[in-house]
Amino acid sequence: MSLRFPLLLSLWVLAGCATAPPAPAPAHSDALWRLIQRDCRGDPAPHGACLQVETAADRRDVLVKDAHGDYQFLLMPLDKVSGIESPTLYRSGAPNYFAAAWQARSRTERALRQPLPRSVASLALNSPHGRSQHQLHIHVDCLRADVMQALDAHAAALGTAWAPLPVLLRGHRYQARLLPGAELRANPLNLLAYDLSGVDRVGDWSLLVAGREDVHGGPGFILLATQLDPATGNDASAEELQDHACAVLTGADATLERVR
């Protein structure tokens, strides 16, 4: 649903919820923003393709179903925010959209009709070089099985500071760090921008948050960040680490790649 390629934005509400006709396929990079204006605002809201709208004092976000895969959802700001490169994300008091997206993983679990283990759940935010839509959208879905295996093999060597992961993921170099805690009380975007990329260069990076059962003796997360590198074909789209078929749980014959 992201990337700089033609986007599949036919969205629907899950079976068991109120259904709505699919939204038309987008022709422009503002298709997600148009959807928010159409289905997530006004009275009643949410309606159409919009599943949830939050307008609390500390968060303004919406949730929609992505048509690419049965288990993928998108958490987006209710307001206009272009993406990971937007300076508003790094101001004091900015909403923690990743924390809201982590809560939304219950939608993926409901779609799976089985428990979603913490170590399978993931959140991905692509760079402007590797997306088609210029409205911030966090992909909520499952990790690829091979990525889970790589993290299992190297998690013990990770710490709470960014360091290169010893192996490539999908052929690309990633920086990794641990984040203890059951919930995302620390904003992963701030950890990326202020501890690794720099706020002025954060638009060259993509970020994935993977759930982890054991981080310093309790639940936590592994944060993975990759930087744009045209020489290696890396467009900084950490969504490449997700499997929209969730084969590790569904037994699908193959992973479902991001749209190209």
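Reading the values: the criteria
Residues numbered from 1 in each chain as written. Predicted model: local features only at pLDDT ≥ 70, side-chain atom pairs only at ≥ 80, totals over all residues. Heavy atoms only, no water. Helix = DSSP H or I, 4+ residues; strand = E, 2+ residues; numbered from the N terminus. Buried < 20%, exposed > 50% of the residue type's maximum accessible area, 1.4 Å probe, protein only. Contact = heavy atoms within 4.5 Å. Areas by Shrake-Rupley, 256 points an atom, 1.4 Å probe, with all protein chains shown as cover. Disulfide = S-S within 2.5 Å. Lys, Arg positive; Asp, Glu negative; His and termini not counted. Salt bridge = Lys/Arg side-chain N within 4 Å of Asp/Glu carboxyl O. Pairing = 2+ DSSP bridges. Core = buried A, V, L, I, M, F, W, Y, C linked by side-chain atoms within 4.5 Å. pLDDT = per-residue confidence, 0-100.

A. Main features of the overall build of the chain. Helix and strand content of the chain: 6 helices and 10 strands. Counting every position in the chain, which comprises 260 residues, the buried fraction comes to 54%. Counted over contacts in the chain with a minimum sequence separation of 6, partners at least 24 positions apart contribute 64%. For the chain, the accessible area works out to roughly 10,700 Å², and carbon and sulfur atoms hold 51% of it.

B. Main features of the state of the cysteines. If you walk through the whole model with that rule in mind, you get 2 disulfides. Two residues, Cys-40 and Cys-50, share a disulfide whose sulfurs are 2.3 Å apart. Because the sign of the S-S torsion sets the handedness, a value of about 115° for the bond joining Cys-40 and Cys-50 places this disulfide among the right-handed ones. Of this pair, Cys-40 sits in the loop between α1 (31–39) and β1 (50–54) while Cys-50 sits in strand β1; the two residues are 10 residues apart in sequence, bridging distant segments of the chain. Overall, the relative accessible area of 3% leaves Cys-40 in the buried class. Two residues, Cys-142 and Cys-246, share a disulfide whose sulfurs are 2.1 Å apart. Judged by the torsion about the S-S bond (-80°), the Cys-142/Cys-246 disulfide is left-handed. You can see Cys-142 sitting in strand β5 (residues 138–143) and its partner Cys-246 sitting in the loop between β10 (242–243) and α6 (247–250), a full 104 residues away along the chain. Across this residue pair, the class does not change: Cys-142 and Cys-246 are buried. In the chain, the bonded cysteines, numbered by position in the sequence, are linked as 1-2, 3-4.

C. Up close: the side chain of Arg-118. Residue position: Arg-118 is located in the loop between α3 (105–112) and β4 (121–125). Here Arg-118 sits buried without a salt bridge, and the closest side chain of opposite charge, Glu-213, lies 5.4 Å off (N-O distance). Not counting chain neighbours up to four residues away, the residues in contact with Arg-118 comprise Trp-102, Gly-181, Ala-182, Glu-183, Gly-211, Arg-212, Glu-213, Pro-219, Gly-220 and Phe-221.

D. Structural context of the pairing of β1. Of the pairings in the sheet, the one linking β1 to strand β2 (residues 61–65) comprises 4 bridges and is antiparallel in character. Across the sheet, the residue bridging to Gln-52 is Leu-63, located in β2. The antiparallel pairing of β1 with β2 creates a hairpin that spans 6 residues between the two strands.

E. Spotlight on unusual backbone geometry. Here the residue pair Asp-43 and Pro-44 is connected by a cis peptide bond, since its omega of 5° sits within 30 degrees of zero. By secondary structure assignment, the location of Pro-44 is in the loop between α1 and β1. The omega angle of the peptide bond from Ala-45 to Pro-46 is 5°, so this bond is cis rather than trans. Inspection of the secondary structure assignment puts Pro-46 in the loop between α1 and β1. Here the phi dihedral of His-216 falls at roughly 55°; this positive angle occurs in a residue that is not glycine. With respect to the helices, strands and loops of the structure, His-216 is situated in the loop between β8 (205–215) and β9 (218–227). Residues other than glycine seldom take positive phi values, yet Cys-246 does so here, at roughly 50°.

F. A look at the nonpolar core. Phe-98, Leu-123, Ile-138, Leu-184 and Leu-224 are the most contacted members of the largest nonpolar core, which has 62 residues in total. The contact partners of Ile-138, leaving out residues within four places of it in the chain, are Phe-73, Leu-74, Leu-75, Tyr-97, Phe-98, Ala-101, Leu-123, Ala-124 and Leu-125. Of all hydrophobic cores here, the second largest spans 12 residues; its members include Ile-36, Cys-40, Ala-49 and Val-64.

G. Fine view of the confidence of the model for the chain. With 89% of its residues at a pLDDT of 70 or more, the chain has an overall mean of 90. Considering only residues more than four positions removed or in separate chains, one finds that residues 1–27, a stretch of pLDDT under 50, has 84 contacts.

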